[in-house]
Amino acid sequence: MSEETWLARAVELATANVADGGGPFGAVIVRDGVLVAEGRNHVTRDLDPTAHAEVTAIRAACTTLATFELSGCVLYTSCEPCPLCLSASLWARLDRVVYAADRDDAARGGFDDRAFYELFDRPRSEWSMTVAQVATADAAAPFDAWLAHEDRTAY
Ligand SMILES: [Zn+2]
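Residues numbered from 1 in each chain as written. Predicted model: local features only at pLDDT ≥ 70, side-chain atom pairs only at ≥ 80, totals over all residues. Heavy atoms only, no water.

Attention now goes to the sheet that holds strand 2 (residues 34-40). Each strand in a sheet pairs with another by means of backbone hydrogen bonds, the pair being arranged parallel or else antiparallel. Read from one edge to the other, the open sheet built from four strands follows the order 2-1-3-4, with strand pairing classed as mixed. Sheet topology places strand 2 and strand 4 (96-101) at the edges, where each strand pairs with a single neighbour. The sheet shows a mean angle of 20° between the axes of neighbouring strands, taken without regard to direction. Note: strand 1 (residues 26-31) against strand 3 (residues 73-79), five bridges, orientation antiparallel. The partner of Ala27 across the bridge, within strand 3, is Thr77. The strands that helix 1 (residues 3-19) touches are strand 1, strand 2, strand 3 and strand 4; relative to strand 1, the one it contacts most, it runs at about 145°. (Pairing = 2+ DSSP bridges. Helix = DSSP H or I, 4+ residues; strand = E, 2+ residues; numbered from the N terminus. Axes fitted to C-alpha atoms, helices over the stretch in contact; angles between N-to-C directions. Contact = heavy atoms within 4.5 Å.)

Dropping the structure here:
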């Protein structure tokens, strides 16, 4: 199947999700030309602000493939991934991300994707949400424990 076909499926999921009361976002994950998983935006249904279509697709694909990383897979999404989903795609080690609509289309629909991208380009001192470090004495202890744990599963 062509990339346009997978994108069409993602857009179809996104549009159907609106009729089902969800946000207008859909995604599919494909490996070697075969569908692995689909995802829809479930933010309002699940009361989960991280349940974006790309994230739900990544979670479903990992469950299907019984893994925590998706190298060899491609994510097709109805809209340009927001910073959350782009980061999730990086953590998932996806090979490629392909999207249909862009951040400007999302902004027109009332979604913050573009605003968040612009926020990351500004100093945190200008953010309305404070992000602060309080470097406690034991702050590095979890990493010491991690490095000392010989049976750790690296990811
Ligand atoms: Zn997102």
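So much for the structure itself; the text now carries on.
Now for unusual backbone geometry. Positive phi, normally seen in glycine, also occurs at Leu47, with a value near 50°. Mapped onto the elements, Leu47 comes out in the loop between helix 2 (43-46) and helix 3 (53-65). For Leu47, a relative accessible area of 77% puts it in the exposed group. Its identity is not glycine, yet Arg93 carries a phi of approximately 60°, on the positive side. Along the polypeptide, Arg93 turns up in the loop between helix 4 (83-91) and strand 4. The class for Arg93 is partly exposed, based on a relative accessible area of 37%. (Buried < 20%, exposed > 50% of the residue type's maximum accessible area, 1.4 Å probe, protein only.)

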